[in-house]
Amino acid sequence: MILCISPPLHAEPHTFKITTWNLDWLTTHSPRDEALPPDVPLRTAYDFSRLRHYAQKLNSDIIAFQEVDDQDAIQRLFDPEQYRIFLTDDPIPQHVGLAFRRGLNVTRNPELKSLNILHPGMHHPLRSGLDITFHFNEISLRILVVHLKTGCWSRPLNDHKHSCPTLYQQFHIIEEWILDRLDDGTPFMILGDFNRRLTLHDPLMTNIMQDTPLTLATAGYASPCQGGEKFIDHILLGHQASFWLVPNSLRVMTYRDDPPYTATLSDHCPVSVLLRFP
């Protein structure tokens, strides 16, 4: 079924809105910059103002984002006086990151650099994962933000084309990260652009769920931002965090204030859930 867009939910005490948003090569550099591919969207000051409008309308407490060039670009959307912003330090113009509402208590952990799998003949590095712990009272939530290899959206695992073996390796790395969280007993969340139309029956999911139950917040829904296709932006919860997910809180914010959807905003829409901490 296609997820319907509903009015914003009103947060309750100890309830946090958490979002993932791929911002489609968000950069303040010229599209002629040699570090950027030729198809990077050419954004005007007006485009940035519209993205900032949606960022404010989103009103999330924690935002995971992908495809952001640097602090200058992301701060045009999220006011640094309101949000504390973290980016990976990959030497590429595409980073994953997190914006935390000011006042929230967080600890930065070492980045998951092993997700940047290098193969002979690869011209473009992949992205590391950003790993941060969010503390609330006596509770900790470990958050991993990812942007995985593109090109294996629904192909079988025995597909030997380049993208699928790489994505399979990245899922194995994520599985090892999950096992570490089970060992240290920390509730966790993995979110971002998985570049995979995951379902609970996808072999990549069933492999991981042999180790531990996981909640896939997007399971059973289609994205109104992707023309009714299954999501590739996902939010996974494990350990006690699965019990903190507010039922039926999954929301997608579309760019309906700017019809038709504008290519210079983003080819992804923000995907959000509510977590209610005990």
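Data block above holds the structure.
Residues numbered from 1 in each chain as written. Predicted model: local features only at pLDDT ≥ 70, side-chain atom pairs only at ≥ 80, totals over all residues. Heavy atoms only, no water.

Visitor: I'd love a proper account of the state of the cysteines, names of residues and values included.
Guide: Counted according to the given criterion, the structure contains two disulfides. Linked covalently through their sulfurs, Cys-152 and Cys-164 form a disulfide whose S-S length is 2.0 Å. Since a negative S-S torsion denotes a left-handed disulfide, the Cys-152-Cys-164 link at about 100 degrees is right-handed. Here Cys-152 is found in the loop between strand E7 (139–147) and helix H3 (163–184), whereas its partner Cys-164 is found in helix H3, with 12 residues between them in sequence. According to the relative accessible area criterion, Cys-164 is buried, its value standing at 4%. Here Cys-225 connects covalently by a disulfide to Cys-269, the sulfurs 2.1 Å from one another. With the S-S dihedral at roughly 70 degrees, the linkage between Cys-225 and Cys-269 falls on the right-handed side. (Disulfide = S-S within 2.5 Å. Helix = DSSP H or I, 4+ residues; strand = E, 2+ residues; numbered from the N terminus. Buried < 20%, exposed > 50% of the residue type's maximum accessible area, 1.4 Å probe, protein only.)

Visitor: Any details on the nonpolar core? Residues and values, ideally.
Guide: Formed by 56 residues in total, the largest nonpolar core has its most connected members in Trp-21, Phe-100 and Phe-134. If you look at the next biggest cluster of nonpolar residues, it comprises 24 residues, including Leu-115, Cys-164, Ile-178 and Phe-188. (Core = buried A, V, L, I, M, F, W, Y, C linked by side-chain atoms within 4.5 Å.)

Visitor: I'd like a rundown of the side chain of His-234, residues and numbers included.
Guide: Among the structural elements, His-234 can be located in strand E10 (residues 233–238). The exposure class of His-234 is buried, given its relative accessible area of 0%. At a separation of 2.7 Å, a polar atom in the side chain of His-234 contacts the side chain of Thr-218. A distance of 3.1 Å separates the side chain of His-234 from the backbone oxygen of Phe-231, its partner in a polar contact. Apart from the residues within four sequence positions on either side, His-234 is in contact with Thr-20, Ile-190, Leu-191, Gly-192, Phe-194, Arg-196, Arg-197, Leu-198, Leu-216 and Thr-218. (Polar contact = N/O pair within 3.5 Å; in protein donor to acceptor, adjacent residues only side chain to side chain. Contact = heavy atoms within 4.5 Å.)

Visitor: Can you tell me about the sheet that holds strand E5 (residues 105–108), naming the residues and giving the values?
Guide: Pairing within the open sheet is mixed, and its six strands lie in the order E5-E6-E7-E8-E10-E9. Whereas interior strands pair on both sides, the edge strands pair on one side only; in this sheet they are E5 and strand E9 (214–216). Mean inter-strand twist for the sheet, computed between neighbouring axes without regard to direction, equals 20 degrees. (Pairing = 2+ DSSP bridges. Axes fitted to C-alpha atoms, helices over the stretch in contact; angles between N-to-C directions.)

Visitor: So what's going on with the pairing of strand E4 (residues 95–101)? Residues and values would help.
Guide: Of all seven residues that make up E4, six are buried, and the element is covered over most of its length. Across five bridges, strand E2 (residues 62–68) lies against E4 in antiparallel orientation. Each bridged residue has a counterpart across the sheet, and for Ile-62 the counterpart in E4 is Phe-100.

Visitor: Outline the environment of Leu-126, supporting the account with residue identities and numerical values.
Guide: Following the sequence through the fold, Leu-126 ends up in the loop between E5 and strand E6 (130–136). Take Leu-126: its relative accessible area is 5%, and that puts it in the buried class. Once residues lying within four places of it in the same chain are set aside, the contact partners of Leu-126 are Ile-92, Leu-115, Asn-116, Ile-117, Lys-149, Thr-166 and Gln-170.

Visitor: Lay out the sheet that holds strand E1 (residues 15–26) in plain terms, naming residues and giving numbers.
Guide: Sheet architecture is open: six strands sit in the order E3-E4-E2-E1-E12-E11, paired in mixed fashion. Every other strand in the sheet has two partners, leaving strand E3 (83–87) and strand E11 (251–252) as the edge strands with one partner each. Relative to E1, helix H1 (residues 45–58) is tilted by about 165 degrees, and along the sheet it contacts E1, E2 and strand E12 (271–276).

Visitor: Please set out the layout of surface pockets residue by residue, giving values where relevant.
Guide: Each pocket or cavity is described by its volume, and for the largest pocket that value is around 760 Å³. The leading source of residues in the lining of the largest pocket is E1, at three residues. Class assignment for the residues of the lining of the largest pocket results in 12 nonpolar, nine polar and 11 charged. (1 Å grid on protein atoms, 1.4 Å probe; cavity = no way out; pocket = protein on both sides within 12 Å on 5 of 7 lines; lining within 4 Å. Points joined across faces, edges and corners; volume = space filled by probe spheres on them. Nonpolar A, V, L, I, M, F, W, Y, C, P; charged D, E, K, R; others polar.)

Visitor: So what about the pattern of salt bridges? Which residues, and what values?
Guide: By the definition in use, this model includes 11 salt bridges. As a salt-bridge pair, Arg-50 and Asp-258 come within 3.1 Å of each other at their nearest N and O atoms. On the criterion of sequence distance, the pair formed by Arg-50 in helix H1 and Asp-258 in the loop between E11 and E12 is long-range, its members being 208 residues apart. Comparing Arg-50 with Asp-258 shows no difference in burial state: the two are buried. Measuring nitrogen to oxygen at the nearest pair gives 3.1 Å for the salt bridge that ties Arg-155 to Asp-159. (Salt bridge = Lys/Arg side-chain N within 4 Å of Asp/Glu carboxyl O.)

Visitor: Describe in detail the environment of Asp-70, supporting the description with residues and values.
Guide: Tracing the backbone shows Asp-70 in the loop between E2 and helix H2 (71–75). In this structure, the C-alpha to C-alpha distance between Asp-70 and Thr-27, residues 43 residues apart in sequence, is 7.1 Å. Setting aside residues up to four positions removed in sequence, Asp-70 forms contacts with Thr-28, His-29 and Leu-87.

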